[in-house]
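Spelled out, the chains give:
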Amino acid sequence: MSTINILTKHITRFVNWLITSGCKQVYDEDTNRKIIVINLFAMVGMSITLMLGVRALTDNDNVLGAVLLSSATLFGLCKALLLHSRLLYNHVLAPLILVVSLAGLMLFLVASGGVANTGPLWIYVLPPVAMFFAGVVYGVITVIVFMALCSYLLFAADGIFIVAEYTTEFKLRLLYSFATVTFLSAFYEHSRQTSFNIVKDLSTKFEKQAQQDTLTLLPNRRGIQQFIEFESARARRQKAPLTLVLCDIDRFKSVNDTYGHDGGDIILKHVSSLFKSSIRQQDGVARWGGEEFLFVLPDTDESNGVVLAEKVRQTLASAPIEIQQKSVSVTASFGVAQLDFEQGLDKALSLADKALYKAKEKGRNKVLSASSLVRL
């Protein structure tokens, strides 16, 4: 039983690898979905054309057999391109080869008639495939070119390139029905793409809302966490310093008691705007919770973090804000700690919090570093 489970597991893993080869995290969801469909279509198309090609050769139809085997080779090439995930633009070349190969095969089947003049029945595969892989605009262009070539083969070049014999009624109905399928395929693909874009925009909007504080428009704790993880990983690789600064608005509760929550919101928005304009482009600042804010300073050691925090403190203290026709001075206390990669992020946040608490204890409106706590 265990042997069967192991074998099943390996087979499942191999099939999954075949289907998803070429997918990358840097691609969006729609691109990866198309790559999966390309893999499936290429494998199915290669299998069908290979079997039909071998059968045609056994029936001594060498021309049809050669064309079908050539198509199978091209479908296999599409799959091979996606297997080489390091190849640049493989996800663009593969569907291009696939659509062109399919269109060429369809034209041949129209001209030759295939088996018992049933070849033209396969052309209805082209519109949905072209629309899905090339999009509505380029898909429609591809199908229009194909219809023009078909019309030329069926009417203008009748007897020159056409081997099969079709009645005029069959030719017209073939083109009319093909045009109908093309219209329906274009309409479906347009609706699908529109729906996908709407869902994608909503997803992006909700994700942004989940990572942003709605009052201050700064990142919230969840939003800045991703920034911290990215910068800490980069700093570890490059052996560069990374400093955290925790800030707390002084006597914020008394502001709420005096001016109400609306007054407190005005203070928070004022402070957030000032903080955002005071940091460098590579820095990050977030509302950590309540009246507490967190600065993330890449490529900055603790001493330089203290310099920046002191600059922000002075700017805030010298920028009173008007609330209910009264000028209100706002100050804040800051705790600064450099990240020690051996001790981890939580330890740095804890040290910054202790420095902030000590700054509050020493009279507020101060900047203290974690290293200064040892000397106190």
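It should be emphasised that the depicted structure is a prediction, and the values quoted were computed from it without experimental measurement.

## Some details on the pairing of strand E1 (residues 242-249)
Taken across its eight residues, E1 has eight buried, putting it largely inside the fold. Alternating positions in E1 separate into two faces, Leu242, Leu244, Leu246 and Asp248 on one and Thr243, Val245, Cys247 and Ile249 on the other, with burial throughout. In the sheet, E1 pairs with strand E3 (residues 292-298) via seven bridges, with the strands oriented antiparallel. Following the sheet pairing, leucine 246 is matched in E3 by leucine 294. Pairing of E1 with strand E6 (residues 332-338), which is carried by seven bridges, proceeds in the antiparallel orientation. From the neighbouring strand, aspartate 248 faces E6, where its bridge partner is serine 333.

## Regarding the sheet that holds strand E2 (residues 284-289)
Spatially, E2-E3-E1-E6-E7 is the arrangement adopted by the five strands of the open sheet, whose pairing is mixed. One side of each edge strand has no neighbouring strand; the edge strands of this open sheet are E2 and strand E7 (367-369). Ignoring strand direction, the axes of neighbouring strands in this sheet form an average angle of 20 degrees. Sheet topology note: the E2/E3 ladder contains five bridges and is antiparallel. Paired with alanine 286 across the bridge in E3 is leucine 294.

Analysis parameters
- Residues numbered from 1 in each chain as written.
- Predicted model: local features only at pLDDT ≥ 70, side-chain atom pairs only at ≥ 80, totals over all residues.
- Heavy atoms only, no water.
- Buried < 20%, exposed > 50% of the residue type's maximum accessible area, 1.4 Å probe, protein only.
- Helix = DSSP H or I, 4+ residues; strand = E, 2+ residues; numbered from the N terminus.
- Pairing = 2+ DSSP bridges.
- Axes fitted to C-alpha atoms, helices over the stretch in contact; angles between N-to-C directions.

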